[in-house]
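Given next are the chains, with one letter for each unit.
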Protein chains: 2
Amino acid sequence: MRIGIDLGGMSAKLGLVNEQNEIVGKLVIPTRLDVPAREMVLDMARAVKTLSAEHGLKPEELEGIGIGSPGTVDQKTGSILYSNNFSWEDVPILDILREDLGPVPMDIANDADAAALGEVCAGAAKGAQNAILLTLGTGVGGGVILDGRIFRGGVAGGCELGHMVIVEGGELCTCGRRGCLESYASASALLRMARKAAAEHPESVMNTMCGGDLEKINGKIPFDAAAAGDAAGCQVVEEYENHLAAGIANLINIFRPEMVILGGGVAAQKENLTAPLQEKVAGMCFGGRHGKIAPIVTSCLGNDAGIIGAANLVGR
Amino acid sequence: MRIGIDLGGMSAKLGLVNEQNEIVGKLVIPTRLDVPAREMVLDMARAVKTLSAEHGLKPEELEGIGIGSPGTVDQKTGSILYSNNFSWEDVPILDILREDLGPVPMDIANDADAAALGEVCAGAAKGAQNAILLTLGTGVGGGVILDGRIFRGGVAGGCELGHMVIVEGGELCTCGRRGCLESYASASALLRMARKAAAEHPESVMNTMCGGDLEKINGKIPFDAAAAGDAAGCQVVEEYENHLAAGIANLINIFRPEMVILGGGVAAQKENLTAPLQEKVAGMCFGGRHGKIAPIVTSCLGNDAGIIGAANLVGR
């Protein structure tokens, strides 16, 4: 039995994971941001003990504890180097846990990397040795699995797939550059395009779908509008998918993965999103339609991907 | 002793390489494109015997033979799957060599990948475990070294770094897409920009440097013009470097290598090219100037990189 911890800005989700990669027990504790990092980490240690005890285990009987954390982590030292979600810097999280829990094998990874590993171990890319996860949420995150293991980059802080410029001089990105994939393929970018299109096209059904309040447009509305044949909605979805397809084709040309997994809010569209993307990407990859083009699928573990991936970190 | 073979459209360059990664003997044979592939491969086998014999070795005494080949290679079967340089398809090159040379350990890689490995083993990135080579020639090729080994992509045909779109809808690329790095950062792209600028600016010194014949503009002219303070030359070099920097920053964000090596014709500019690039890239990488940004250097092995890299393929 292993414990995987998906650490987030709101809560830390712990899961006890068995050999079949099933979550047999869960515990969720709030992430306290008003206390020193050390205290919050000790909260996590207590939660590990509680969850283990509920299943008749002592912490030292666990085969491993893995943590997926936002921000930049340093696997070698077991530290969170920096996370803007927590305003933490250089927190030796594994050392603190070991003080309290003893010498259980532990490992840490970026949360998107952990989610990618989870999908490969037990989710949409089960059995794949090489896969890419792109999360389409507030930003565009991602993780790359090579030969069954997380690709962590040559030096710390690698694999920022969302910060690949696809439109030089384009939309301003949160990272300060212009034209990053994130600024065109995140859920936030989709909302920006939908609001603009709705404002420019008063006849668009997107305006009624949001009750006349453009701020209430969500990621589902442009897809629903497109499905209803709304011209502006179709245009937004088409434009969004073209940008996302360009980014995916770039990553396929670079990594040639067996599978591309989409997660995050926009991935709730499932085949509605992946079918047209697959068609677009097929025409964009090097070697053309004859190349081995990875199937594009949506994440199927949802929030559990991070827990299961974290539980699988140790020894990989 | 190992033999590395750098197979090209014009010639196959063989090098006998010692433990110190020095080339102690060389043999160059023409690439015969007018005969069946098998015959050309047997030419290579004969050349291996000749080069070995010149140094008192039998082929079976070699520790390994490695081949860097253009096109798509399949390491598992030791075949060249496809190369438009040779119009070869599915040539089991290692099997043919083994028939003639006996059971010497052999391996094959894409030629750009082999060159990248050569630079890591004995060249500009000596000692690095993670490095990226970009060749700025007719096209933009490249190779990625991860943990000291060539990254070959999840399925065959991976790592087409030049075919990453950086300007959606931009210049048409040889691959059929628009806006690939290759269509902005190859030597061919530099010439295109220089010719356009020279034609638009009759006062530019680039026009006299090419003797009034724009077709004679080479990759050195815009840099020479810029160094002489020519406004149009400066603009061409600035534009070229901006595009190249965008591509390099994308690759740093994805791979976080210890070093980026530039090869191919344009890299002859050395610090003239790398110094401004380093400055531009520093402002583009995720995490800003505080991130660990790889030094950008130029290849120092030249054509020998492919031979030395090929010789180091076996066992990696």
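Check the entry above for the structure.
Quick caveat, the model's predicted, so the values are computed rather than measured.

Enquirer: Give me the packing of aromatic side chains: which residues, what numbers.
Expert: Per the stated rule, a full pass over the model turns up three aromatic pairs over all chains. An aromatic cluster is built from Phe151 and Phe255 of chain A together with Phe151 and Phe255 of chain B, whose rings are joined through pairwise contacts. If you follow Arg192 of chain A out to its NZ or CZ, it ends over the ring of Tyr184 of chain A, 5.8 Å from the centre.

Enquirer: I'd love a proper account of the pairing of strand β7 (residues 88–91) of chain B, names of residues and values included.
Expert: Residue and element names in this part refer to chain B. Relative to β7, strand β6 (residues 79–83) runs antiparallel, the two being bridged by three bridges. Following the sheet pairing, Ile80 is matched in β7 by Val91. Remark: four residues form the turn of the hairpin made by β6 and β7, two consecutive strands paired antiparallel; Ser87 in that turn has positive phi of roughly 55°.

Enquirer: Describe the sheet that holds strand β11 (residues 149–150) of chain B, listing the residues and the values that go with them.
Expert: Residues and elements named next belong to chain B. Across the sheet, which stays open at both edges, the five strands sit in the order β11-β10-β9-β12-β13 with mixed pairing between neighbours. The open sheet terminates on both sides in strands that have one partner only, identified here as β11 and β13 (296–298). Direction of pairing for strand β9 (residues 131–136) relative to strand β10 (residues 140–146): antiparallel, over a ladder of six bridges. Across the sheet, the residue bridging to Ala131 is Ile145, located in β10. Packing of helix α3 (residues 111–122) onto the sheet brings it into contact with β9, β10, β11 and β12 (259–263), and relative to β10 it is tilted by some 50°. Against the sheet, helix α9 (residues 271–282) touches β9, β12 and β13, its axis set at about 160° to β13.

Enquirer: Please give an account of the nonpolar core that cites residues and values.
Expert: Residues Phe255 and Leu262 of chain A together with Phe255 and Leu262 of chain B are the most contacted members of the largest nonpolar core, which totals 109 residues. In terms of nonpolar packing, the next biggest core, distinct from the first, is built from 34 residues, Leu62, Val73, Ile96 and Ile108 of chain B among them.

Enquirer: So what's going on with the pattern of salt bridges? Residues and values would help.
Expert: All names here are of chain A. All chains considered together, the criterion is met by 23 salt bridges over all chains. A salt bridge links Arg98 to Asp95; its shortest N-O distance comes to 3.3 Å. Note that Arg98 and Asp95 are positioned in helix α2 (residues 93–101) at a spacing of three residues, about one turn of the helix. Classification of Arg98 by relative accessible area gives partly exposed; the value is 33%. With a closest N to O distance of 3.3 Å, Lys196 and Glu200 form a salt bridge. With Lys196 and Glu200 both in helix α5 (residues 187–200) and four residues apart, this pair spans about one turn of that helix. Overall, the relative accessible area of 49% leaves Glu200 in the partly exposed class. Each of Arg32, Glu39, Asp43 and Arg46 takes part in salt bridges that share partners, so that together they form one network.

Enquirer: Please set out the interface of chain B and chain A residue by residue, giving values where relevant.
Expert: On the chain A side, the residues contacting the 35 residues of chain B number 35 residues. The junction of chain B with chain A conceals about 3000 Å² of combined surface from both sides, 58% of it contributed by carbon and sulfur atoms. When the buried surface of chain B facing chain A is broken down by residue, Glu168, Arg177 and Ile254 of chain B rank first, second and third, together holding 23% of it. Here chain B and chain A share zero salt bridges between them. Here chain B and chain A share 16 residue pairs in polar contact (both at pLDDT 80 or more) between them. For the side of chain B that touches chain A, the leading source of residues is helix α8 (residues 231–255) of chain B, giving nine residues.

Enquirer: Before we move on, could you go through the packing of helix α7 (residues 220–227) of chain B against α8 of chain B and cite the residues and values that matter?
Expert: All names here are of chain B. Contact geometry for α7 and α8: axes closest at 7 Å, N-to-C directions at 120°. Between α7 and α8, the angle is such that the two are oblique. You can see that α7 and α8 cross each other, and the crossing is left-handed. In this structure, α7 uses Pro222, Phe223, Ala225 and Ala226 to contact α8, whose residues at the interface are Gly233, Cys234, Val236, Val237 and Glu241.

Enquirer: Can you tell me about the packing of α5 of chain A against helix α8 (residues 231–255) of chain A, naming the residues and giving the values?
Expert: All names here are of chain A. Running from N to C, α5 and α8 point in directions that differ by 150°, and their axes come no closer than 10 Å. With respect to each other, α5 and α8 are oriented roughly antiparallel. At the point where α5 passes α8, the crossing takes the right-handed sense. Between α5 and α8, the residues in contact are Leu190, Met193, Ala194 and Ala197 and Ala232, Val236, Glu239, Tyr240 and His243, respectively. Grouping the amino acids of the contact of α5 with α8 by side-chain chemistry returns seven nonpolar, one polar and one charged.

Enquirer: Tell me about the relation of the copies chain B and chain A, and please be specific about residues and values.
Expert: Comparison of the two chain copies shows a relationship of rotation about an axis with a shift along it. Under the fitted operation, chain B is carried onto chain A by 0.0 Å of movement along the axis and a turn of 180°, and the coordinates agree to an RMSD of 0.0 Å. Both copies of the chain, as the preceding transformation shows, are related through a two-fold rotation axis. A shared interface surface links the copies, since 100% of the contact residues of chain B are contact residues in chain A too.

Thresholds, definitions, all that
Within each chain, residue numbers correspond to sequence positions counted from 1 in written order. The lettering of chains begins at A and the numbering of ligands begins at 1, in the order of writing. Only residues with pLDDT of at least 70 get local features here, since the model is predicted, and only at 80 or more are side-chain atom pairs given and counted; chain-wide, interface and lining totals rely on the full set of residues. The basis for every side-chain value is the complete set of heavy atoms in the structure, and neither hydrogens nor water enter the calculation. Between 30 and 60 degrees the pair is tilted, below 30 it is stacked and above 60 it is edge-to-face, where a pair is any two Phe, Tyr or Trp rings, Trp via its six-membered ring, whose centres lie within 6.5 Å. Two limits define a charge over a ring: the Lys NZ or Arg CZ must be within 6 Å of the ring centre, and within 35 degrees of the ring normal. When DSSP finds two or more bridges between two strands, those strands count as paired. Under the scheme used here, helices are H or I runs from DSSP no shorter than 4 residues and strands are E runs no shorter than 2 residues, and both carry numbers assigned from the N terminus. The contact criterion used is simple: two residues touch if any of their non-hydrogen atoms lie within 4.5 Å. Angular values range over 0 to 180 degrees, each being the angle between N-to-C directions of two axes fitted as lines to C-alpha atoms, with helices fitted over their stretch in contact. Here, the term nonpolar core denotes a set of buried Ala, Val, Leu, Ile, Met, Phe, Trp, Tyr and Cys residues that are joined through side-chain atoms within 4.5 Å. Burial here depends on accessible area, computed with a 1.4 Å probe over protein chains only, as a share of the maximum for the residue type. Under 20% is buried, over 50% is exposed, and the range in between is partly exposed. Between Lys or Arg on one side and Asp or Glu on the other, a salt bridge is scored when a side-chain nitrogen of the former is within 4 Å of a carboxyl oxygen of the latter. What gets called buried area is simply the loss in accessible area from a 1.4 Å probe that two parts show on being joined, summed for both. Polar contacts, as used here, are pairs of N or O atoms within 3.5 Å; protein pairs need one atom able to donate a hydrogen and one able to accept it. Residues neighboring in sequence count only if both atoms are side-chain atoms. Each angle gets one of four labels, with under 35 degrees taken as roughly parallel, over 145 as roughly antiparallel, 65 to 115 as roughly perpendicular, and the rest as oblique. Crossing handedness: left-handed means the near helix sits turned counterclockwise from the far one by under a right angle, and right-handed means the same turn made clockwise. Basically, the charged four are Asp, Glu, Lys and Arg, the nonpolar ten are Ala, Val, Leu, Ile, Met, Phe, Trp, Tyr, Cys and Pro, and anything else, Gly included, counts as polar. Superposition of the copies was done by least squares, using only C-alpha atoms of residues whose pLDDT is at least 70 in both.

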